[in-house]
Amino acid sequence: MEPSETSAQADETVTVNLFVNGEPRQLQVTSNVVLLDALRDELHLTGTKKGCDHGQCGACTVHVEGKAINSCLRLAVMCEGQHITTVEGLARNGELHPVQRAFLDHDAYQCGYCTPGQMMSAAALLEDDRIAADDASVREAMSGNICRCGAYKNILEAVQDARQVMVSGTEGRS
Amino acid sequence: MDTQVIGHRTPRVDGENKLTGRADYTTDWYVDNMLHGYPVPASISHGTLEALDIEPVLAMPGVVAVYHHGNFPKLYRSPSSQAHQDQVSEVRLPFEDERIHYDGQYVAMVVAERYEQARAAAHALQARYHQDSGARPGLLETREDGRPLESEGGLRGDPDSAYERAPVKIDHVYAIAPESHMQMEMHATLAQWRDDRLIVHESTQGVVYQHKAMARIFDMPEEKVEVISHYIGSGFGNKLFMWPHAVATAAAARELGRPVKTVLSRQQDMASGGNRPASRQRLRLAADEQGRLLSMRHDSTTETSFVHPYVDSVGTPTLNLYACDNAAISHHLLEVNHGTPCPMRAPGEVSGIYALECAMDELAIALDMDPLELRRRNYSYEDPTKGLPWSSKHLDTCYDSAARRFGWERRDPRVGSMREGDEILGWGMATSSWTAGRQPCMARVELRADGTVMAACGTQDIGTGTYTVVAQTVAELTGVPLDRVEVRLGESSLPAGPLSGGSMATATTLPAVAAAVRAAIDELKEVATDEDAPFTGADPDGLAFRDGALADEQGKRVAFDDLLSGQKLGSVSGDGQAAPGDEQNQYSFRSFGAHFVEVRWDPGISRLCVSRVVSSIDIGRAVNPVTARNQVEGAIVMGIGMGLFEKLDYDPRDARLINNNYSDYIVTSHADMPEIDVELLDNPDYAFNEFGARGVGEIGLTGIAPAIANAIYHATGKRIRDLPITIEKLMEP
Amino acid sequence: MRTFAYRTADDVTQAVTTHGADDQVAYVAGGTTLLDLVKLDVMRPTQLVDINRLPLGEVETLDDGRLRIGATVTNTELAHHPEVKARYPLLSQALLAGASTQLRNMATTAGNIMQRTRCPYYRDASAACNRREPGSGCDAMHGINRMHAVLGVSDQCIATHPSDMCIAMAAIGATLTLEGPDGKREIAFNDFHRLPGDQPEKEHELRPGELITYITLDTPIEGAGAYYLKLRDRASYEFALASAGALVSIQDGVIHEARLALGGVATKPWRSHEAEQALHNQPAAVSTFEMAAEAAMQDAVPHEHNAFKIPLARQAIVRALREACKDAENANEPR
């Protein structure tokens with residue numbers, strides 16, 4: 001779908017059409033609303049968290065057009081026509097995503113507040129063959145997600161475990 | 001105790017909620033007609049608010065109200081008593097007067113229909129201040145020492161003369177910069193008034209405390225206040241006791257007759273939501289030539305704000321970590337124009353152990369002795385402060401095991417001697433320790449006709465795994481599988497439970513839950529022996545409850561759900577309570593452990609990293625080894641931040657906080673994580689409670705920073721006594 | 001975050017026309033700097049012009065061998081682009097050393113060039129800052145200035161340029177294509193950013209309403225080794241205390257051509273011609289690198305908390321040169 005031209009005056013509410021977790025959704029927002037707040041306040045998709053509001057912690061990570069981004073630094077109006085995946089869209093048909101499964105198995109969290117962002121980053125990096133599979137590369141690629149509880153060891157194990165599942169899953173299908 | 005569930009690896013029962021976005025953190029609550037509050041922070045740290053230009057802001061889109069000193073309703077201060085569980089983080093009420101005591105103190109709160117509107121209006125609100133000269137900068141920026149606190153002192157023997165006579169001694173000053181909790185979820189409140197009831201969702205480590213404090217402040221009967229906190233984006237101590245944003249939010253909701261939600265910005269959270277205060281500590285240790293401690297003196301100063309006298313008790317470990325007949329601690333408190341400090345993970349002790357364990361390393365070097373050997377020679381077999389035996393101390397095993405796994409015997413003690421390419425390895429160690437505390441607690445358990453069991457307690461799970469250990473306890477004692485156990489926490493209307501703090505929640509909560517399980521089973525037995533019941537006429541005491549069923553000695557067995565259904569009962573319930581008892585007069589309870597740390601120092605580029613940490617920690621029984629180990633591993637990660645990165649930077653000229661964000665305040669990132677090997681000893685401490693568990697939240701953090709500092713000395717020859725150990729300190733000649 | 005109007009544009013002409021010469025209007029692409037600063041009330045645009053739909057998302061090799069990068073190519077795409085990895089590894093390394101995966105996925109090439117300083121006083125709307133508010137003073141000068149610059153400073157401003165990508169570009173050499181109300185023009189990358197001098201608010205040579213449309217990298221140095229070294233407090237996701245980007249070509253053990261640029265220590269992406277001169281025709285040896293490091297930092301001016309950056313930058317230079325030389329030797333070895 002070709003995005004339509006968007007034009008909004010200050011204080012004016014505009015309509016933004018996007019696809020969230022595969023569903024077409026419509027937002028009524030002013031131009032200063034960021035995607036993070038739109039997802040939470042307008043769509044009540046509260047799995048995506050705010051930890052800093054300045055791209056400094058990664059708790060708000062979502063996928064826009066398949067790429068992991070900080071939703072706190074993207075205006076909702078800039079997402080017209082785009083496909084967005086949040087943590088609520090990771091599981092399919094009631095089945096946890098391999099990353100979710102691995103986070104559960106490896107206790108890759110404590111308080112759970114950074115976890116949606118961690119998993120969105122993990123899910124993206126596992127689909128990105130430009131990021132090497134070794135531990136050091138994964139740790140670097142995951143460093144945009146702060147876990148103040150410090151569960152990095154288990155997060156790393158979970159990511160690498162999910163990789164095995166996803167690889168074997170792919171092989172199973174081929 | 002042979003167990004089926006307790007002590008076994010158990011995935012979190014709340015895990016799926018956290019992994020799917022369903023977990024309802026305070027910030028996730030939206031209710032009809034809800035307004036958004038946004039505090040306006042002062043931009044000076046010392047002075048008076050002279051004027052606020054309210055009118056233009058009231059005219060902005062969506063703005064409903066602006067609260068400030070001129071129009072804020074009259075409320076009452078909470079007595080802030082720990083004994084009465086109404087303690088607050090800052091006794092001063094919001095907007096109480098026009099004095100400004102720290103940068104970020106709220107001078108107003110905007111309330112608007114939408115979040116963006118509230119934020120825009122808060123930014124637009126013009127304030128005029130009279131700035132007083134002489135804002136007192138942080139403790140470490142001044143030579144002032146504040147006032148002595150006799151209550152924080154301690155003395156045994158005659159440490160002064162022992163010190164004078166001793167052949168080997170050290171005397172050094174250590175300092176720790178103020179730190180920020182940086183919990184991922186900022187402080188947040190949603191307040192609603194329904195009729196004359198106040199319902200508050202708060203990201204809190206203590207629903208019971210906030211419940212009572214709110215009742216005092218709004219002068220209400222306790223039963224008319226409810227505080228809810230189902231999921232908490234952690235706290236590390238700064239969510240133990242209520243902060244002014246919650247009071248301002250509840251008051252605004254009452255005045256406006258609409259629910260109000262306030263989520264602090266990260267900047268506000270860091271400026272006014274608590275911090276670990278800076279400390280300056282002088283350690284004087286003396287020993288004989290064999291390394292036996294003859295004298296220990298620990299004189300500390302910590303800072304607090306001008307509005308709340310928070311004391312971080314840093315000296316206490318010096319009185320009980322090692323055997324020494326002559327020991328003394330003293331404490332001074334200095335008010336500074338910073339936001340109010342509060343407990344932060346292992347409050348006091350982590351700071352004190354830092355200084356003590358660095359000093360022990362320096363003493364070992366003065367003695368030309370292996371630092372581990374020095375600790376062994378001063379092993380305390382009883383608590384020197386109480387004269388009571390330790391309930392269960394296995395620190396020697398921790399030393400042995402961690403040293404072996406680390407490879408300590410291969411350590412070349414000569415500074416800078418262990419090279420690998422561009423890098424020099426440094427190996428250091430430290431003891432870790434945290435007191436084992438327990439509080440009175442109540443709980444309720446229901447056996448239900450649908451085959452589920454519900455356990456409820458007014459404590460909360462801040463990420464340590466409380467939901468799971470409560471479920472494990474119920475499953476263990478009833479034989480009902482975990483997926484049929486429902487745990488309800490985080491509501492002040494539930495039977496009163498403990499703060500999630502001080503590593504006390506597990507040891508406090510589980511015995512009460514166990515008592516409630518037994519009470520519920522007793523109730524079930526009464527029902528079972530009623531007329532027209534399966535065990536009519538039987539002696540209830542002759543029935544046993546196993547694997548979810550009641551059985552008599554003849555082998556007759558009825559599942560509890562069948563029994564309840566047959567009796568047309570939806571459920572039976574039991575109330576339980578538990579409290580520490582006489583064991584407190586027989587033993588002293590404390591956890592111990594040891595950390596061994598490897599750093600890698602590349603002097604060519606002044607780059608230092610922690611590459612390896614090996615730890616053995618004795619916490620009694622780990623009720624859930626998965627979540628318990630995670631606590632220690634996470635504490636190691638946090639300890640690296642404390643050792644190398646973390647410092648709240650206040651501009652000494654005006655005491656304003658400069659690095660109030662997640663970018664400029666550096667915490668440990670994923671790439672900084674070392675290789676971590678944590679062993680939890682499994683020595684149940686049954687003297688402490690029936691499950692043998694002492695708690696695990698704090699201990700892992702203690703000892704990490706000094707082990708790093710000691711390893712750095714071994715690598716570089718530089719003894720850096722001020723935390724954090726940043727690059728410029730390492731570069732000093 | 002205050003309110004602002006928002007407009008999209010489909011091509012450069014439309015974007016420039018929509019923007020006009022109004023200094024209250026801002027272009028937005030990745031938004032990672034702009035929205036950060038708008039939220040802090042440091043930038044207060046009345047209107048944004050979204051340039052993400054402009055056809056500036058391609059990387060292409062020109063006939064003369066130079067690489068032309070569209071303004072809205074993201075840092076991630078650029079870092080992993082096969083041509084960049086093969087011919088401009090320094091740029092790839094520098095990009096990947098910056099920010100986080102998520103930010104690199106958002107941040108664009110032109111946006112990175114337009115990145116603002118991380119000076120905390122600049123980022124605090126209530127502090128004195130000549131860069132943000134000309135004439136208001138500089139709280140950093142006698143405040144907490146650990147992160148601040150030691151090269152290119154003035155008595156008005158000591159704020160550091162924070163980019164990693166720009167350090168690589170300064171070393172490689174590049175040309176920016178600008179388009180604005182008065183038409184199209186080109187400017188050398190190293191002339192684009194300005195020293196603070198007595199006008200720190202003028203950070204660059206963009207005229208009102210001008211847009212960076214392309215960045216064209218110079219042809220790479222034949223056979224050069226490359227190394228970007230970033231020194232910082234923690235291992236990732238942090239701005240540099242000092243960084244060095246080095247390109248070195250060696251013939252018979254002698255440095256034939258060298259480029260050196262520094263980050264984290266200067267008020268703009270800092271190309272060190274002094275160091276390059278010291279390296280030219282000298283043996284590829286540590287003593288040479290140390291002389292170059294001395295030369296690079298000879299005019300450095302420390303303030304209260306950042307004096308360590310001078311020796312730290314020297315160390316970064318020496319190590320980056322050593323590694324770049326190793327890289328050059330490896331590249332020259334027969335495969």
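Rules and cut-offs
- Residues numbered from 1 in each chain as written.
- Chains lettered and ligands numbered in written order.
- Predicted model: local features only at pLDDT ≥ 70, side-chain atom pairs only at ≥ 80, totals over all residues.
- Heavy atoms only, no water.
- Phe/Tyr/Trp six-rings, centres within 6.5 Å; stacked < 30°, edge-to-face > 60°.
- Helix = DSSP H or I, 4+ residues; strand = E, 2+ residues; numbered from the N terminus.
- Buried < 20%, exposed > 50% of the residue type's maximum accessible area, 1.4 Å probe, protein only.
- Domains from an automatic or database assignment.
- Contact = heavy atoms within 4.5 Å.
- Salt bridge = Lys/Arg side-chain N within 4 Å of Asp/Glu carboxyl O.
- Buried area = accessible area lost by both parts, 1.4 Å probe.
- Polar contact = N/O pair within 3.5 Å; in protein donor to acceptor, adjacent residues only side chain to side chain.
- Nonpolar A, V, L, I, M, F, W, Y, C, P; charged D, E, K, R; others polar.

1. Some words on the packing of aromatic side chains
Within this structure, the stated rule accounts for 17 aromatic pairs over all chains. Each ring, one from Trp390(B) and one from Phe592(B), has its centre 5.1 Å from the other, and the planes form 80°; the classification is edge-to-face. One end of the pair, Trp390(B), is in the loop between strand 18 (388–389) and helix 11 (395–406); the other, Phe592(B), is in strand 28 (residues 590–602), and 202 residues separate them in sequence. Take Trp390(B) and Phe592(B): they sit in the same class, and that class is buried. On the basis of an interplanar angle of 50° and a centroid distance of 6.2 Å, the ring pair of Phe406(B) and Trp408(B) is categorised as tilted. Both residues of the pair, Phe406(B) and Trp408(B), count as buried. Taken together, the ring pairs in this structure connect Tyr113(A), Tyr25(B), Tyr231(B) and Tyr467(B) into an aromatic cluster.

2. Let's talk about the domain arrangement of chain B
Residues and elements named next belong to chain B. Partitioning chain B into structural domains gives domain 1 (15–21 + 438–579), domain 2 (31–133 + 185–233 + 239–272) and domain 3 (344–436 + 585–731). The straight-line distance from the C-alpha centre of domain 2 to that of domain 3 is 38 Å. Facing the eight residues of domain 2 at the interface are 10 residues of domain 3. Summed over the shared surface of domain 2 and domain 3, the result is one salt bridge.

3. As for the environment of Leu569(B)
Residue and element names in this part refer to chain B. Mapped onto the elements, Leu-569 comes out in the loop between helix 14 (560–566) and strand 27 (571–578). Overall, the relative accessible area of 32% leaves Leu-569 in the partly exposed class. As for Leu-569 and Asp-370, which are separated by 199 residues in sequence, their C-alpha atoms are 68 Å apart. Among residues more than four places away in sequence, those in contact with Leu-569 are Ala-449, Val-527 and Leu-564.

4. Description of the interface of chain B and chain A
Counting from both sides, the interface comprises 55 residues of chain B and, opposite them, 51 residues of chain A. Of the roughly 4,600 Å² buried between chain B and chain A on both sides combined, carbon and sulfur atoms contribute 54%. Of all residues in chain B, the largest losses of buried area upon contact with chain A belong to Leu19(B), Met184(B) and His670(B), amounting jointly to 20% of the total for that side. Here chain B is connected to chain A by seven salt bridges. Between Arg114(B) and Glu42(A) there is a salt bridge, with the nearest N and O atoms lying 2.8 Å from each other. For the pair chain B and chain A, the number of links is 32 residue pairs in polar contact (both at pLDDT 80 or more). It is helix 16 (residues 625–645) of chain B that contributes the most residues to the side of chain B that touches chain A, eight residues altogether. A per-class count over the side of chain B that touches chain A returns 23 nonpolar, 20 polar and 12 charged.

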